[in-house]
There are 2 protein chains.
Amino acid sequence: MSFIELSCQRFVDELGSKAPVPGGGGASAMVGALAAALGSMVCNLTIGKKAYRDVEEEMKKVLEHTSALQNEILLLVDRDAEDFKPLAAAYGLKAETPEEKENKARVMEEALKTASGVPLKIVELAHASLEYLEVCADKGSKLAVSDAGVGAAFAKAAILGGKLNVMINANMMKDRPFAEQLMAKTNRLVEDGCGRADRVYEKVVKRLSA
Amino acid sequence: MSFIELSCQRFVDELGSKAPVPGGGGASAMVGALAAALGSMVCNLTIGKKAYRDVEEEMKKVLEHTSALQNEILLLVDRDAEDFKPLAAAYGLKAETPEEKENKARVMEEALKTASGVPLKIVELAHASLEYLEVCADKGSKLAVSDAGVGAAFAKAAILGGKLNVMINANMMKDRPFAEQLMAKTNRLVEDGCGRADRVYEKVVKRLSA
């Protein structure tokens, strides 16, 4: 089943239900895809406009990146749901004998490592999209620049949403060095990404006020 | 045409295109609806659980509010697109004679006031959803509490996205007292909402770390 083929209305309803997927991870991927798409929109409304001929080539390159990112992040909605399956299966394993306990712990650890991959990827890709949203904020058509600011706010939300979903997996891992390295990597991206998102948003507010 | 009936994939593609709608306003409504739905999810994963029997009645009431909000905010995706039509028509009016100029200015002013209504409503409803997301963060099942934090980050993004879309309309209004009052009202909600969103997010990080 593909969640990105659901209508927006159905997706919101499914998210609100007690079904475990889509959850905060898949929703963060959706918001990350919307962020990158807003960058694409700014590019598409700038390219071909006489007043912005000087930045036309640059905006075309930015559009290649934001288009690729919007597709790549969106696919993570479904991958997040896929990765939940082995985790749900691990939870369901019997753990009565010592052998069963050991096996369950091993399978669970593996599933947690797998399940942390998609939210980390969401953080990485939403972080990457901010580089292009910043170009959109600086050089995109003034008629569309607000969309670059909205995109920056969304990318930050996707990053923060992804972080919480890395965290819930990392918290349960027995392999503490792995978990701590994972959180350190995530937190570096979160800090840098949130700083850039705020800066891009403020740039847009300034350009709109000028 | 209803944008919320499009698949998530199509919605992201349409957002990224050069078509003026959906734009940052409609996308902010989508993110606001996802925020409220995450609150509903936390309620649905808390209600009926023995360990959370003490908060069951409270969570049922919260769920009524978050369910209503997720539907109400989602409808704004399409209303935002509807309100763009009179604005686009006003832009297209001839303004050669003094009479035409005066008429165009009058029609434009009316369309700007109309178009600022939906983004203000997005800010108001995303702000309102934070009250319920905070209850979810404080009292919801620990197994779902990360979703309350993701919801808070999304509500903040919807508020910041809505603000930029109020701003682009307010900036063009000739009726400055109206425009300034509108921005003052918006900014109060933004300040209060962003503060609450950050607080809710931090509460979730703390509960996950405990």
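The shown structure was predicted, so the numbers you read here are calculated from the model rather than taken from an experiment.

Reading guide: rules and limits
- Residues numbered from 1 in each chain as written.
- Chains lettered and ligands numbered in written order.
- Predicted model: local features only at pLDDT ≥ 70, side-chain atom pairs only at ≥ 80, totals over all residues.
- Heavy atoms only, no water.
- Least-squares fit on C-alpha atoms with pLDDT ≥ 70 in both.
- Contact = heavy atoms within 4.5 Å.
- Buried area = accessible area lost by both parts, 1.4 Å probe.
- Salt bridge = Lys/Arg side-chain N within 4 Å of Asp/Glu carboxyl O.
- Polar contact = N/O pair within 3.5 Å; in protein donor to acceptor, adjacent residues only side chain to side chain.
- Helix = DSSP H or I, 4+ residues; strand = E, 2+ residues; numbered from the N terminus.
- Nonpolar A, V, L, I, M, F, W, Y, C, P; charged D, E, K, R; others polar.
- pLDDT = per-residue confidence, 0-100.
- Buried < 20%, exposed > 50% of the residue type's maximum accessible area, 1.4 Å probe, protein only.
- Phe/Tyr/Trp six-rings, centres within 6.5 Å; stacked < 30°, edge-to-face > 60°.
- Lys NZ or Arg CZ within 6 Å of the ring centre and 35° of its normal.
- Lys, Arg positive; Asp, Glu negative; His and termini not counted.
- Axes fitted to C-alpha atoms, helices over the stretch in contact; angles between N-to-C directions.
- Parallel < 35°, antiparallel > 145°, perpendicular 65-115°, else oblique.
- Left-handed = near helix turned anticlockwise from the far one by under 90°.

Note on the copies: chain A fits chain B at an RMSD of 0.0 Å, the axial shift is 0.0 Å, and the rotation between them is 180°. Here the transformation between the copies is reduced to the relation of a two-fold axis. Every residue of chain A has its C-alpha some distance from the rotation axis, and the shortest such distance is that of Ser7 of chain A, at 1.9 Å. Taken as a fraction of all interface residues of chain A, those also at the interface in chain B reach 100%, which identifies the copy contact as same-surface.

Before going further, it helps to spend a moment on the interface of chain A and chain B. The interface of chain A with chain B comprises 55 residues on the first partner and 55 residues on the second. Of the roughly 4300 Å² buried between chain A and chain B on both sides combined, carbon and sulfur atoms contribute 72%. It is Cys8, Val12 and Leu164 of chain A that lose the most area in chain A upon contact with chain B, and together they represent 14% of the buried surface on that side. At the boundary of chain A with chain B, the tally comes to zero salt bridges. The tally of links from chain A across to chain B stands at 16 residue pairs in polar contact (both at pLDDT 80 or more). Contributions of two or more residues to the side of chain A that touches chain B are made by helix H1 (8–16), helix H2 (24–46), helix H3 (56–91), helix H5 (145–172) and helix H6 (176–209) of chain A. For the side of chain A that touches chain B, the element with the highest residue contribution is H5 of chain A, accounting for 16 residues. Here the residues of the side of chain A that touches chain B sort into 32 nonpolar, 17 polar and six charged.

This next bit is on the confidence of the model for chain A. Low-pLDDT stretches of the model should not have their predicted coordinates read in fine detail. Mean pLDDT for chain A: 97, with 100% of residues reaching 70 or above. Listed scores for the predicted complex are pTM 0.98 and ipTM 0.98.

Look at the link from Val21 of chain A to Pro22 of chain A: it is a cis peptide, with omega at -5°. Inspection of the secondary structure puts Pro22 of chain A in the loop between H1 and H2.

Let us now look at the side chain of Thr46 of chain B. Residue and element names in this part refer to chain B. Within the element layout of this structure, Thr46 appears in helix H2 (residues 24–46). On the basis of relative accessible area, Thr46 is assigned to the buried category, the value being 1%. A distance of 2.6 Å separates the side chain of Thr46 from the backbone oxygen of Val42, its partner in a polar contact. For Thr46, the residues in contact, after removing those within four places along its chain, are Tyr52, Val55, Met59, Lys139, Gly140 and Ser141.

Moving on, we get to the packing of aromatic side chains. The geometry of two aromatic rings is summed up by the distance between their centres and the angle between their planes. Per the counting criterion, the structure on display carries zero aromatic pairs over all chains. Between Lys113 of chain A and the ring centre of Phe178 of chain A, over which it is positioned, the NZ or CZ distance is 4.5 Å.

So, about the side chain of Asp147 of chain B. Checked against the element boundaries, Asp147 of chain B lands in helix H5 (residues 145–172). Although Asp147 of chain B is buried, it forms no salt bridge, and the closest oppositely charged side chain is Arg207 of chain B at an N-O distance of 11 Å. Setting aside residues no more than four positions away along its own chain, Asp147 of chain B makes contact with Gly23 and Gly24 of chain A together with Leu38, Met41 and Val42 of chain B.

Residues and elements named next belong to chain A. As a packed pair, H2 and helix H4 (residues 98–139) sit with axes 10 Å apart at the nearest point and diverge in direction by 25°. By the angle between their directions, the pair H2 and H4 is classed as roughly parallel. Note that H2 runs across H4; the crossing there is left-handed. Only Ile122, Ser129, Leu133, Cys136 and Lys139 of H4 make contact with H2, whose side of the interface consists of Gly25, Ser28, Ala29, Ala35, Ala36, Gly39, Val42, Cys43 and Thr46. Taken together, the residues that form the contact of H2 with H4 break down as eight nonpolar, five polar and one charged.

Time to look at the pattern of salt bridges. Should their charged atoms come close, side chains of opposite charge can pair. All names here are of chain B. One pass over the full model with this rule turns up 24 salt bridges over all chains. Of the charged contacts, one joins Glu124 and Lys185 as a salt bridge, the two residues approaching to 3.5 Å between their closest N and O atoms. Of this pair, Glu124 sits in helix H4 (residues 98–139) while Lys185 is found in helix H6 (residues 176–209), placing the two residues 61 residues apart along the sequence. In this structure Lys185 comes out as partly exposed when scored by relative accessible area, which is 36%.

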